[in-house]
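Residue-level structure breakdown
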Amino acid sequence: MEEFEESAPPAPYDHPVLATLAGIALLVLGALLLPRIAPQQPLAVLLGTGAALALLLWGIGFAVTTRHSATGWKLGSLALLVAAGLGAALIAHGQYQTVARADASSFAEVEFGPGGAAQAPAGAAARGPLSRMFVEAVTADAQAKRDFGTAFGRLGVGNLTSPYLLEQDPRALAQCAAIRELQSLAKSQAAARSQRAKALADALEAANLPAKTKQGIATMANARNDSTDPLLANQLAMTETTAELCALLAKRSWFNSNSYFGFRSTADEAGFRALSKRRMELAGEAERIERAGEARMTEGRDRVREMLGKSIFAGG
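Computed from a predicted structure; not experimentally measured.

**Re unusual backbone geometry**
With the exception of glycine, the majority of residues adopt a negative phi angle, and the majority of peptide bonds are in the trans configuration. Within the chain, Arg252 stands out as a residue other than glycine whose phi angle is a positive 60 degrees. Phi is positive for Ser259, close to 70 degrees, though the residue is something other than glycine. Within the secondary structure, Ser259 is located in the loop between β3 (254-257) and β4 (260-263).

**Overview of helix α2 (residues 43-64)**
Taking 1.5 Å per residue as the helical rise, α2 with its 22 residues ought to reach 32 Å, and the 31 Å between its terminal C-alpha atoms agrees with that figure. Where α2 is concerned, the buried positions are Leu46, Gly50, Ala54 and Gly61. Along α2, the residues classed as buried sweep out an arc of 75 degrees about the axis, all on the same side. The secondary structure elements touched by the buried residues of α2 are α1 (16-37) and α3 (71-108).

**Regarding the environment of Gly293**
Mapping Gly293 onto the fold places it in helix α9 (residues 266-308). Residues Gly293 and Phe62, spaced 231 residues apart in sequence, show a C-alpha to C-alpha distance of 62 Å.

**Some details on a nonpolar patch on the surface**
Together, Leu26, Leu29, Leu33 and Ile37 line one region of the surface with nonpolar side chains, adding up to about 410 Å² of accessible area. Its location among the elements puts Leu29 in helix α1. Assessed through its relative accessible area of 45%, Leu29 is described here as partly exposed.

**Quick notes on the state of the cysteines**
Per the stated rule, a full pass over the model turns up 1 disulfide. Paired through a disulfide, Cys176 and Cys246 show a sulfur-sulfur distance of 2.0 Å. Given an S-S torsion of about -75 degrees, the disulfide between Cys176 and Cys246 has left-handed geometry. Within this pair, whereas Cys176 is found in helix α6 (residues 176-206), its partner Cys246 is found in helix α8 (residues 230-250), the two being separated by 70 residues in sequence. Overall, Cys176 belongs to the buried group, its relative accessible area being 13%.

**Thoughts on α6**
The end-to-end C-alpha distance of α6 is 47 Å, a good match for the 45 Å that 31 residues give at a rise of 1.5 Å each. Buried residues along α6 sit against α4 (129-154), α7 (211-221) and α8.

**Notes on the side chain of Asp268**
Mapped onto the fold, Asp268 is located in helix α9. Sequence-distant contacts of Asp268, that is, excluding residues within four places in its chain, are made with Leu248, Lys251, Ser253 and Phe263.

**Here we look at the pattern of salt bridges**
Between side chains of opposite charge, pairing is possible as soon as their charged atoms come close. All chains considered together, the criterion is met by 15 salt bridges. Asp268 is the partner of Lys251 in a salt bridge, and the nearest nitrogen-oxygen pair spans 2.8 Å. Within this pair, whereas Lys251 is found in the loop between α8 and β3, its partner Asp268 is found in helix α9, the two being separated by 17 residues in sequence. The exposure class assigned to Lys251 is exposed, which follows from its relative accessible area of 54%. Here Asp268 falls in the buried class, since its relative accessible area comes to 9%. Bridged by salt links that share partners, the residues Glu111, Arg301, Asp302 and Arg305 form one connected network.

**A look at the nonpolar core**
In this structure, Leu160, Ile179 and Leu249 are the most contacted members of the largest nonpolar core, which totals 27 residues. Elements with a contribution of two residues or more to this core: α4, α6, α8, β4 and α9. In terms of residue count, the dominant contributor to this core is α8 (7 residues). Contacts of Leu249, omitting those with residues within four sequence positions, involve Leu160, Leu166, Leu173, Trp254, Phe261, Phe263 and Phe272. If you look at the next biggest cluster of nonpolar residues, it comprises 20 residues, including Val138, Leu200, Ile217 and Ala221.

**Quick notes on the packing of aromatic side chains**
If you walk through the whole model with that rule in mind, you get 7 aromatic pairs. Taken together, a centroid distance of 5.8 Å and an interplanar angle of 25 degrees make the contact between Phe148 and Phe152 stacked. Separated by 4 residues within a single helix, Phe148 and Phe152 lie in helix α4, roughly one turn from each other. In this structure Phe148 comes out as buried when scored by relative accessible area, which is 9%. Take Phe152: its relative accessible area is 10%, and that puts it in the buried class. Through successive ring pairs, a cluster of aromatic residues spans Trp254, Phe261, Phe263 and Phe272.

How each quantity is defined
- Residues numbered from 1 in each chain as written.
- Predicted model: local features only at pLDDT ≥ 70, side-chain atom pairs only at ≥ 80, totals over all residues.
- Heavy atoms only, no water.
- Helix = DSSP H or I, 4+ residues; strand = E, 2+ residues; numbered from the N terminus.
- Expected span 1.5 Å × (residues − 1).
- Buried < 20%, exposed > 50% of the residue type's maximum accessible area, 1.4 Å probe, protein only.
- Arc of directions from axis to C-beta.
- Contact = heavy atoms within 4.5 Å.
- Patch = residues over 30% accessible without salt bridge, like charges linked within 9 Å, V, L, I, M, F, W, Y side chains within 5 Å.
- Areas by Shrake-Rupley, 256 points an atom, 1.4 Å probe, with all protein chains shown as cover.
- Salt bridge = Lys/Arg side-chain N within 4 Å of Asp/Glu carboxyl O.
- Disulfide = S-S within 2.5 Å.
- Core = buried A, V, L, I, M, F, W, Y, C linked by side-chain atoms within 4.5 Å.
- Phe/Tyr/Trp six-rings, centres within 6.5 Å; stacked < 30°, edge-to-face > 60°.

Read these as geometric descriptors, not functional statements.
Written out as structure tokens, the structure reads:
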């Protein structure tokens, strides 16, 4: 009796576990690498991208091996990969937010020195682009203030308040035109402030931070869209008024009356008193501008602190 052996083709191997684990590994790896190679994205975009990539990887795994598996493995691997894709999106979101919050933390840690000068925390410039731009702006603004004050003082305007000092050193009376020319310095400093504010506003607009955090940072950085600049207006008025006072005193109709200015001309005396009063008002206004700036930065700082105390998944 002749025996015949029937040889059937070997059944294809299925590896649903390996395919699923490989897909999960790729999704996690992508979540870790994404913040290094791509700009920040909203959470909704990350979730959608994660789910789409999970479906793509499942499709590749299905074509290679999972199609040979039981229906339960097919559906199970799909569910696991989609869940992993969403989880990877949350991982990427967390990394983006960690970087963004580190950048924003510089604004939350600002303190104020003598005279209300803002002081950024140590190492703030290395925390991110917003922090770097803010530190540069604060440093530049402080230097501009010192430069303007030095230029003003170099012209001897302090002597214009004392007949004794003016008698000892009358050179300031020859600097009236130079005092008015300081308006060019004030305008150039204001233009630089405006450029810094606009650059930070543009960077803030592109940052992936909650709206309230952005509002707080914008308040601190004075990243406004209008063209008003109270400091510039004050400096222009002060230089103009001081130049007018210098010109009046340069007429030399005054004399030293027991360390007070006396005048031989009633009109000159009235003009002197009006200009002196105006200068005092402008000096007071300058102090109010500084206090308002400190109050504004404090308000913005507190708002940033409040938002950084919330979960990275909180809105606002």
